[in-house]
Amino acid sequence: MENRKRIAVLMGPPALFLLFLFVLPLAIMAVFTFRAGSFGAQREVFTLDNYREFLANPSYLRLLWRSTGIAFIVSALSVALAYPLAYFIAFRVGSRKVILLTILVIPAWTSYLLRILAWRLILGSNGVLNSILLALGLIDEATPILLYSMTAVTITLTYVWIPFVALPIFASLERINRSVLEAAADLGCAPWQAFLRITLPLSMPGVLGGFFFAFIPTLGEYVTPLLVGGAKGVMYGNLIQDQFLRGLNWPLGSIMSLAMLLVALVLMALFVRVVRVSDLVEG
Amino acid sequence: MTTKPTLNGLPAVELRNVYKTYPAGRSEHEVAAVNGVNLSLLSGEFFTLLGPSGCGKTTSLRMIAGFETPTAGEVFIQGQPMSHVPPYRRPVNTVFQNYALFPHLTIEKNVAFGLTVQKVPKAEQQRRVREALELVRLPTVGQRKPTQLSGGQQQRVALARALINRPAVLLLDEPLGALDYKLRQAMQLELKALQHEVGITFVYVTHDQEEALTMSDRIAVMSAGKVLQIGTPIEIYERPNCRFVANFIGETNFLDGRVTRTNGNRCTVQVADGLEVSGSNYSAAAVGDQVTVSIRPEKIRIHESRPEPQPNLFEVAVDRVAYIGSDTQLFMTMPYGAKVRVYDQNELSTVDENYFYAAGDQAWISWRPENALVLKD
């Protein structure tokens, strides 16, 4: 009984928080998908027209798939770049771990917007990258193609996520018992074989965690596309934002949001299934 | 597979003048974990490195495995120098102290790991995994994960995982350390039988003297990075060559004194004014040398009343009596103040009501000169 009380006390506040600020709004949004309009009398009319509209316009779903693809590429790139970083800090730096981890996280202390705007300075027509390419004689005139494109969005978001992806990978690498790696060497594994057979599988929980740390916010991302994406770099998040703020079509916006949520959940379930995280975690 | 271990032939492992020093941390001096060790292990023997923690036994083992590189000297395995051979190319396998099983693989895949890396055909792998698991008497756990097994079972899996590769030498780093006492005793006998069966050279690291005495063909006693004595369990226990070995293996009494006469292997040591002890001298102590005489507590006889005159007979006072079932430990004081501990086997404790001594009793003790070892340091 004592124990149950303690759990209630500990779990209560976060549970209430989630209930009122997450579950309830989602439920409201779900109800909104059936309303005929955002305001007045139309609010009280319930219909399936919004769903028909959503499905009738193929560009909505096309953008959702495209954004899913971008989120996938960004997350995969982040993992690919963050893994060596995490590996280096976990295995190769000894007592300087804390310093390097701090350096890794420091950029995250500055404003997210500032960091994205900084990329405009790097990628823009008069930006650092163009200047260097010009100075090296690799290009004849400044090219704006780097900015205002999907590439720019991908580069910027990958940069933003790397520290967040590196941390869970680092944590899972830290948890690996070093004698297990010695055992692998003892049983005939060259270092690269030991990495593939032991280190990588044992760090999969961190890799997956990091991947979804990047994947889920990227899927709904709308600020970065707005600032560095231009017309070619529009993402599904911008579409949703438009429905709510400019189009004032809350029912359609709600459907779009829930569709995105569905995609994220299905992908996550699939991934977890395939890699069988539970097996790894149970150890 | 089932040949008896032969104690002749080429050395399976040899350490020649091996040093391992670690760079100084905050202290001024560098730390010597292994300080000039020479060892030569015969093929097929059960060889134990025995010593207290920090004596360099594990570091020595890790240099044979290849996890540590000697600062100086050379490790040979089957006559081949190992300095440029990484762990994964050495013909040895290790049973780790904490077993180090792969947590993400089933028992079967753990055991097969070495064969998988060597790309042994699947069918042969399966056959050998089955054999290896039968050898360690765990034929049914193949599909489970390491965490689903008890400590003792994990220990056997670690053994199977190493032995399946048929290494020239098996290295065992305190493999029984994490098991409870009864299980440890059972595993000691099992390990010895297993070693006999597979005929592989075992190098066994432990700080537990009982374990070492029970299983080993030969023991190297180590302290502070050096090997103090190498010998069979009987040699190590019955004829320790120094104070440390005598004290570390089993229990003993030390009487300090100076040599007054020598005669072949016999010598007389004056331990106090007018009080002389006669003992066996295997350490070439000469007249005038400061020495320690070591007498094991079970090799001292007790007399209730003054017996016939004989060598090494002393009147003592009983200070304390501790009954421990199989025998009684008596703590006594010699006439000149030295303390002596005696183990008296409880042979007649059920026959004689007045069998036990009590504190304050007077008694006489004696021992054979053969049982009093004169040690130089």
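What you see is a predicted model; the values in this text were computed from it and never measured.

S.K.: Looking at this structure, I do not really get the overall build of chain B. What am I missing?
M.R.: The secondary structure content of chain B amounts to eight helices and 20 strands. When the backbone C-alpha atoms are referred to their principal axes, chain B occupies close to 75 × 50 × 45 Å. Residue pairs at least 24 apart in sequence account for 67% of intrachain contacts in chain B once pairs closer than 6 positions are excluded.

S.K.: Can you help me understand the overall build of chain A in this one?
M.R.: Each helix and strand in chain A was counted, giving 13 helices and zero strands. Scanning chain A from its N terminus toward the C terminus, one meets helices and strands in the order α-α-α-α-α-α-α-α-α-α-α-α-α. Its C-alpha atoms put chain A at 75 × 75 × 30 Å along the principal axes. Every one of the 283 residues in chain A was classed for burial, and the buried ones make up 30%. Sequence-distant contacts, at least 24 apart, represent 72% of the contacts inside chain A between residues at least 6 apart.

S.K.: Which parts of the structure should I look at to understand the confidence of the model for chain B?
M.R.: The predicted coordinates of low-pLDDT regions are not to be read in fine detail. All names here are of chain B. With 97% of its residues at a pLDDT of 70 or more, chain B has an overall mean of 90. Low confidence marks residues 1–7, where pLDDT is under 50. Its contacts with residues over four positions away, or in another chain, come to 14 contacts. With a pTM of 0.84, the predicted complex shows an ipTM of 0.84.

S.K.: So what exactly am I meant to see when it comes to unusual backbone geometry here?
M.R.: Comment: phi is negative for the bulk of residues other than glycine, and the bulk of peptide bonds are trans. Residue and element names in this part refer to chain B. Positive phi is not limited to glycine here, since Asn17 has a value of about 50 degrees. Exposure remark for Asn17: the 11 C-beta atoms within 10 Å place this residue in the exposed category. The phi angle at Arg137 is positive, at roughly 60 degrees, despite the residue not being glycine. Along the chain, Arg137 falls in the loop between helix H3 (122–135) and helix H4 (151–163). Looking at Arg137, the number of C-beta atoms within 10 Å reads 11, which means it is exposed.

S.K.: I would appreciate a short explanation of the interface of chain A and chain B in the present structure.
M.R.: Accessible area lost on assembly of the parts is the figure often given for the size of an interface. The partner chain B presents 19 residues to the 19 residues of chain A that form the contact. Put simply, the parts of the chain that give the side of chain A that touches chain B at least two residues each are helix H8 (178–186), helix H9 (191–219) and helix H13 (277–282) of chain A. A total of six residues in the side of chain A that touches chain B trace back to one element, the largest contributor, which is H8(A). Of the residues in the side of chain A that touches chain B, the class split is ten nonpolar, five polar and four charged.

S.K.: How should the packing of H8(A) against H9(A) be read in this particular structure?
M.R.: All names here are of chain A. Here H8 crosses H9 at 140 degrees, and the two axes come no closer than 10 Å. The angle between the axes of H8 and H9 places the two elements in the oblique class. Viewed along their axes, H8 and H9 form a crossing whose handedness is right-handed. The residues of H9 that touch H8, namely those facing Val180, Leu181, Ala184 and Ala185, are Ala194, Arg197, Ile198 and Thr199. The class makeup of the residues in the contact of H8 with H9 is six nonpolar, one polar and one charged.

S.K.: What's the story with helix H11 (residues 236–245) of chain A in this structure? I'm lost.
M.R.: The α-helix advances 3.6 residues per turn, and as a result positions three or four apart in sequence lie on the same side. Where H11(A) is concerned, the buried positions are Tyr236(A), Gly237(A), Leu239(A), Ile240(A) and Gln243(A). With its buried residues spanning 160 degrees around the axis, H11(A) presents them on a single face.

S.K.: Where do I start with the sheet that holds strand E12 (residues 266–272) of chain B in this structure?
M.R.: Hydrogen bonding along the main chain pairs the strands of a sheet, whether they run parallel or antiparallel. Strand order around the closed barrel formed by five strands is E11-E12-E13-E20-E14 (chain B), with mixed pairing between neighbours. Averaged over neighbouring strand pairs, the angle between their axes works out to 50 degrees when direction is ignored.

S.K.: Explain the sheet that holds strand E16 (residues 313–323) of chain B here, please?
M.R.: Residues and elements named next belong to chain B. Ordered by their spatial adjacency, five strands build an open sheet running E15-E19-E16-E17-E18, and the pairing between neighbours is antiparallel. Of all the strands in the sheet, just strand E15 (301–303) and strand E18 (339–345) have a single pairing partner and so form its edges. In this sheet, neighbouring strand axes are inclined to one another by 45 degrees on average, regardless of whether the strands run parallel or antiparallel.

S.K.: Looking at this model, I keep getting lost on the nonpolar core. Mind explaining?
M.R.: Across soluble globular proteins, nonpolar side chains have a tendency to be buried as a group. Membership of the largest hydrophobic core comes to 101 residues, with the highest contact counts inside it found for Val203(B) and Val221(B). Per element, the largest residue contribution to this core is six residues, and it comes from H4(B). Counting contributing residues, this core receives three or more from each of domain 1 (11–244) and domain 2 (251–375) of chain B. For Val221(B), the contacting residues outside a window of four places in its chain are Leu50(B), Gly51(B), Leu228(B), Gln229(B), Ile236(B), Val245(B), Phe248(B) and Ile249(B). In terms of nonpolar packing, the next biggest core, distinct from the first, is built from 45 residues, Ala71(A), Ile89(A), Leu167(A) and Tyr236(A) among them.

S.K.: Teacher, can you tell me more about the pairing of E12(B) here?
M.R.: Working note: regular strand, side chains alternate between the two faces of the sheet. All names here are of chain B. When strand E11 (residues 253–263) meets E12, the two strands line up antiparallel, connected through five bridges. Residue Thr262 lies in a different strand from E12, and its bridge partner there is Cys267. Two elements, E12 and strand E13 (residues 275–281), share six bridges in a ladder whose sense is antiparallel. Residue pairing across strands places Cys267 opposite Gly279, the latter belonging to E13. Taking the residues between adjacent antiparallel strands as the criterion, E12 and E13 are bridged by two residues, where Gly274 takes a positive phi near 75 degrees.

S.K.: Explain the domain arrangement of chain B here, please?
M.R.: Residues and elements named next belong to chain B. What the domain assignment lists for chain B is domain 1 (11–244) and domain 2 (251–375). Its C-alpha centre places domain 1 at a distance of 39 Å from the equivalent point of domain 2. At the junction of the two partners, domain 1 supplies five residues and domain 2 supplies seven residues. Here the side of domain 1 that touches domain 2 is built from residues that sort into two nonpolar, one polar and two charged.

Calculation rules
Residues numbered from 1 in each chain as written. Chains lettered and ligands numbered in written order. Predicted model: local features only at pLDDT ≥ 70, side-chain atom pairs only at ≥ 80, totals over all residues. Helix = DSSP H or I, 4+ residues; strand = E, 2+ residues; numbered from the N terminus. Contact = placed C-beta atoms within 7 Å. Buried ≥ 20, exposed ≤ 12 C-beta atoms within 10 Å, placed from the backbone. pLDDT = per-residue confidence, 0-100. Nonpolar A, V, L, I, M, F, W, Y, C, P; charged D, E, K, R; others polar. Axes fitted to C-alpha atoms, helices over the stretch in contact; angles between N-to-C directions. Parallel < 35°, antiparallel > 145°, perpendicular 65-115°, else oblique. Left-handed = near helix turned anticlockwise from the far one by under 90°. Arc of directions from axis to C-beta. Pairing = 2+ DSSP bridges. Core = buried A, V, L, I, M, F, W, Y, C linked by C-beta atoms within 7 Å. Domains from an automatic or database assignment.

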